[in-house]
Amino acid sequence: MALCSPAFADEEMDRILDEAMPYMHHSCESVLANYGEDEEKVAEIVRLMAEVSLFNREINVEEAVPDEAERDGLKDKFVEALEEACEADPDALLAGAVDLAVKDALN
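Residues numbered from 1 in each chain as written. Predicted model: local features only at pLDDT ≥ 70, side-chain atom pairs only at ≥ 80, totals over all residues. Heavy atoms only, no water.

1. Describing the environment of Asp104
Working step 1: Here Asp104 lies in helix H6 (residues 94-106).
Working step 2: With a relative accessible area of 45%, Asp104 lands in the partly exposed category.
Working step 3: Each C-alpha atom, one on Asp104 and one on Glu80, is 9.6 Å from the other, the two residues being 24 residues apart in sequence. (Helix = DSSP H or I, 4+ residues; strand = E, 2+ residues; numbered from the N terminus. Buried < 20%, exposed > 50% of the residue type's maximum accessible area, 1.4 Å probe, protein only.)

2. A few points about the pattern of salt bridges
Working step 1: In the structure shown here, the tally under the stated rule is four salt bridges.
Working step 2: Its salt-bridge partner being Lys41, residue Glu44 comes within 3.8 Å of it at the nearest N-O pair. Separated by three residues within a single helix, Glu44 and Lys41 lie in helix H3 (residues 39-56), roughly one turn from each other.
Working step 3: We classify Glu44 as partly exposed; its relative accessible area is 31%.
Working step 4: Classification of Lys41 by relative accessible area gives buried; the value is 19%.
Working step 5: Where Arg57 meets Asp99, a salt bridge forms, and the shortest distance between an N and an O atom there is 3.0 Å. Here Arg57, found in the loop between H3 and helix H4 (61-64), pairs with Asp99, found in helix H6; they are 42 residues apart in sequence, far enough to count as distant.
Working step 6: Arg57 sits in the partly exposed class, given a relative accessible area of 32%.
Working step 7: Beyond isolated ion pairs, a larger network of salt bridges with shared partners links Glu12, Arg15 and Glu19. (Salt bridge = Lys/Arg side-chain N within 4 Å of Asp/Glu carboxyl O.)

3. Some points on unusual backbone geometry
Working step 1: Non-glycine residue Glu58 carries a positive phi angle of around 55 degrees.
Working step 2: Structurally, Glu58 can be placed in the loop between H3 and H4.
Working step 3: Given a relative accessible area of 75%, Glu58 falls into the exposed group.

Interpretation in functional terms is not warranted from these geometric data alone.
Set out below in structure tokens:
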């Protein structure tokens with residue numbers, strides 16, 4: 001999205017929000033209860049929520065972390081932080097846990 005016009009970015013964010021909205025009510029635990037057997041679906045839901053978090057925080061990962069090797073390591077940091085947040089409170093909204101994991105991974 002970094003190279004997109006503002007109008008295109010808004011359209012893309014609207015699309016992401018539309019796709020993420022049906023899952024926003026899920027907790028860490030309920031998303032696994034409903035989709036846990038489909039790892040790709042869980043990953044898709046988490047990815048959508050991470051995109052919303054990055055948009056809301058006005059973070060462009062390529063600009064914030066210009067080094068490609070460092071960006072590759074962000075995924076591991078993110079997954080670790082998300083697992084910790086969900087283990088600490090399985091009833092927490094997944095969107096909130098994802099937002100915390102985004103924040104933690106980028107700090």
